[in-house]
Amino acid sequence: VANAAAAPTAEGPSAADVFALLDGDGDGCVTEAELRAAAEDRGIVLTEEQVQAFMALEADGVCVGLEAYLNSVDGSVEGLSVGADVFEYVRRNLVG
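These notes cover the structure that comes with them. (Residues numbered from 1 in each chain as written. Predicted model: local features only at pLDDT ≥ 70, side-chain atom pairs only at ≥ 80, totals over all residues. Heavy atoms only, no water.)

## What about the state of the cysteines?
Here's step 1: Considering all chains together, one arrives at one disulfide under this definition.
Here's step 2: Disulfide partner of Cys 29: Cys 63, at an S-S distance of 1.7 Å. Between Cys 29 and Cys 63, the disulfide has an S-S torsion of 105° and is therefore right-handed. Placement of the pair is Cys 29 in strand E1 (residues 29–31) and Cys 63 in strand E2 (residues 63–65), with a sequence separation of 34 residues.
Here's step 3: The class of Cys 29 is buried, set by a relative accessible area of 13%. (Disulfide = S-S within 2.5 Å. Helix = DSSP H or I, 4+ residues; strand = E, 2+ residues; numbered from the N terminus. Buried < 20%, exposed > 50% of the residue type's maximum accessible area, 1.4 Å probe, protein only.)

As structure tokens, then:
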């Protein structure tokens, strides 16, 4: 099943593209260290709240997988908008 969030948009890269940017080692899972490194490399300071909100997208809190990320971006996770918020923040500030 294709995920609409995975497709590039007129506004810029797709959620899958942003995920790949964050996934520093390409293992399909974004760790806290990878998230922080991607931000730091681009001169972006993330708050602890932003980091913890992103990590909470995955139940184990250790790393965020592509499916959990895409589901949160497209609203498939009921009551969870943080994925979409993080995606838009990352897309605006980290990509480019």
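Anyway, onward from the coordinates.
## A word on the nonpolar core
Here's step 1: Counting residues in each nonpolar core, the largest one holds 18 residues, and the members touching the most others are Leu 22, Val 30, Leu 35, Leu 46, Phe 54, Val 64 and Tyr 69.
Here's step 2: Breaking this core down by element, the ones donating at least two residues are helix H1 (15–22), helix H2 (32–41), helix H3 (48–55) and helix H4 (66–73).
Here's step 3: Looking at this core, the element that brings in the most residues is H1, giving four residues.
Here's step 4: In contact with Val 64, other than residues within four places in its own chain, are Phe 19, Gly 28, Cys 29, Val 30, Phe 54, Met 55, Leu 57, Glu 58 and Tyr 69. (Core = buried A, V, L, I, M, F, W, Y, C linked by side-chain atoms within 4.5 Å. Contact = heavy atoms within 4.5 Å.)

## Brief notes about H1
For an α-helix, 3.6 residues make a turn, and residues three or four places apart therefore share a direction.
Here's step 1: Residues of H1 that are buried include every one of Ala 15, Val 18, Phe 19 and Leu 22, and no others. Each buried residue of H1 lies within a common arc of 100° when the element is viewed along its axis, so the set occupies one face. (Arc of directions from axis to C-beta.)

## Description of the pattern of salt bridges
Here's step 1: Applying the stated criterion across every chain, the model contains two salt bridges.
Here's step 2: Between Glu 48 and Arg 36 there is a salt bridge, with the nearest N and O atoms lying 2.7 Å from each other. Of this pair, Glu 48 sits in helix H3 while Arg 36 is found in helix H2, placing the two residues twelve residues apart along the sequence.
Here's step 3: Residue Glu 48 is classed as partly exposed on the basis of its relative accessible area, which comes to 45%.
Here's step 4: In the salt-bridge network here, residues are joined through shared partners; they are Glu 32, Arg 36 and Glu 48. (Salt bridge = Lys/Arg side-chain N within 4 Å of Asp/Glu carboxyl O.)

## Things to note about the packing of H2 against H3
Two measures define how a pair of helices packs: the angle their axes make with one another and the distance between the axes.
Here's step 1: Packing of H2 against H3 leaves a shortest axis separation of 10 Å and a crossing angle of 135°. On the basis of the axis angle, H2 is oblique to H3. Taken as a pair, H2 and H3 cross one another with a handedness that is right-handed. Contacts from Glu 32, Leu 35 and Arg 36 in H2 reach Glu 48, Val 51, Gln 52, Phe 54 and Met 55 in H3.
Here's step 2: A per-class count over the contact of H2 with H3 returns four nonpolar, one polar and three charged. (Axes fitted to C-alpha atoms, helices over the stretch in contact; angles between N-to-C directions. Parallel < 35°, antiparallel > 145°, perpendicular 65-115°, else oblique. Left-handed = near helix turned anticlockwise from the far one by under 90°. Nonpolar A, V, L, I, M, F, W, Y, C, P; charged D, E, K, R; others polar.)

## Observations regarding H3
Here's step 1: The complete set of buried residues in H3 reads Val 51, Phe 54 and Met 55. Buried residues along H3 cover an arc of 95° about the axis, so they all sit on one side.

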